[in-house]
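Listed here are the chains, written in short residue letters.
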Amino acid sequence: MNITSLVLFLIIGALAGWIAGQVMKGGSFGLVGNLVVGIIGALLGGFLFGLLGISAGGLIGSLITATIGAIVLLYLLRLIR
């Protein structure tokens, strides 16, 4: 992983966390919170998409995957509370 890939990964994670917070009416979690939610969401989204046999490539596909995973993560966290 080179520096460009790492920066893109972090930007996509932060955007996905922010979008998920807006969709779930939770607001923003701050830069670090959005980043954590987005990265965990990317892992969860990739796992879920893999189970369903869906493949999303490119920047937009990665953002969609991470955002859907982050929304699922926030939904599950709300169920636990």
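Residues numbered from 1 in each chain as written. Predicted model: local features only at pLDDT ≥ 70, side-chain atom pairs only at ≥ 80, totals over all residues. Heavy atoms only, no water.

### Quick word on the packing of helix H1 (residues 3–23) against helix H3 (residues 58–80)
Definition in use: Here an axis means a line fitted to C-alpha atoms, over the contact stretch when the element is a helix, while the angle between two N-to-C directions is reported on a 0 to 180 degree scale. Note on conventions: DSSP H or I runs of at least 4 residues are helices, E runs of at least 2 residues are strands, and numbering of each starts at the N terminus. Small angles under 35 degrees read as roughly parallel and large ones over 145 as roughly antiparallel, with 65 to 115 read as roughly perpendicular and the rest as oblique. Left-handed describes a crossing whose near helix is turned anticlockwise from the far helix through less than a right angle; right-handed describes the clockwise counterpart. Residue contacts are defined here by distance: any two heavy atoms, one from each residue, within 4.5 Å place the two residues in contact. Gly counts as polar in this scheme, as do all residues outside two lists: the nonpolar Ala, Val, Leu, Ile, Met, Phe, Trp, Tyr, Cys and Pro, and the charged Asp, Glu, Lys and Arg.
Axis separation between H1 and H3 bottoms out at 8 Å; the angle between their running directions is 45°. Regarding the angle of H1 to H3, the classification is oblique. Note on packing geometry: the crossing formed by H1 with H3 is right-handed. Contact with H1, carried on its side by Leu8, Ile12, Leu15, Ala16, Ile19, Ala20, Gly21 and Val23, involves Leu59, Ser62, Leu63, Ala66, Thr67, Ala70, Ile71 and Leu74 of H3 and no other residues of that element. Looking at side-chain class alone, the contact of H1 with H3 contains 13 nonpolar, three polar and no charged residues.

### Points about the side chain of Thr67
Selection criterion: Categorising residues by exposure relies on relative accessible area from a 1.4 Å probe, with only protein chains included: less than 20% of the type maximum marks a residue as buried, more than 50% marks it as exposed, and the intermediate range marks it as partly exposed.
Here Thr67 lies in helix H3. With relative accessibility at 10%, the residue Thr67 sits in the buried group.

### A few points about the environment of Gln22
For Gln22, the position within the fold is in helix H1. When its relative accessible area of 36% is taken as the criterion, Gln22 is described as partly exposed. A C-alpha to C-alpha distance of 9.6 Å links Gln22 and Ile71, two positions 49 residues apart in sequence.

### Some words on helix H2 (residues 30–52)
Basically, it comes down to this: Under the convention used throughout, the expected extent of a helix is 1.5 Å for every residue step, that is, one less than its residue count.
An ideal rise of 1.5 Å per residue puts 33 Å on 23 residues; H2 measures up with 31 Å between its terminal C-alpha atoms. Residues of H2 that are buried: Asn34, Val37, Gly38, Gly41, Gly45 and Phe49. Each element contacted by the buried residues of H2 is listed here: H1 and H3. Following H2 by one or two positions, Gly53 adopts a phi angle in the positive range, close to 80°.

### Observations concerning the nonpolar core
What counts is decided by this rule: To define a nonpolar core, start from buried Ala, Val, Leu, Ile, Met, Phe, Trp, Tyr and Cys residues and group those joined through side-chain atoms within 4.5 Å.
Membership of the largest hydrophobic core is limited to six residues, which are Ala20, Met24, Val37, Ala70, Leu73 and Leu74. No other element matches the three residues that H3 contributes to this core. Not counting chain neighbours up to four residues away, the residues in contact with Leu74 comprise Ala20, Gly21, Met24, Phe29 and Val37.

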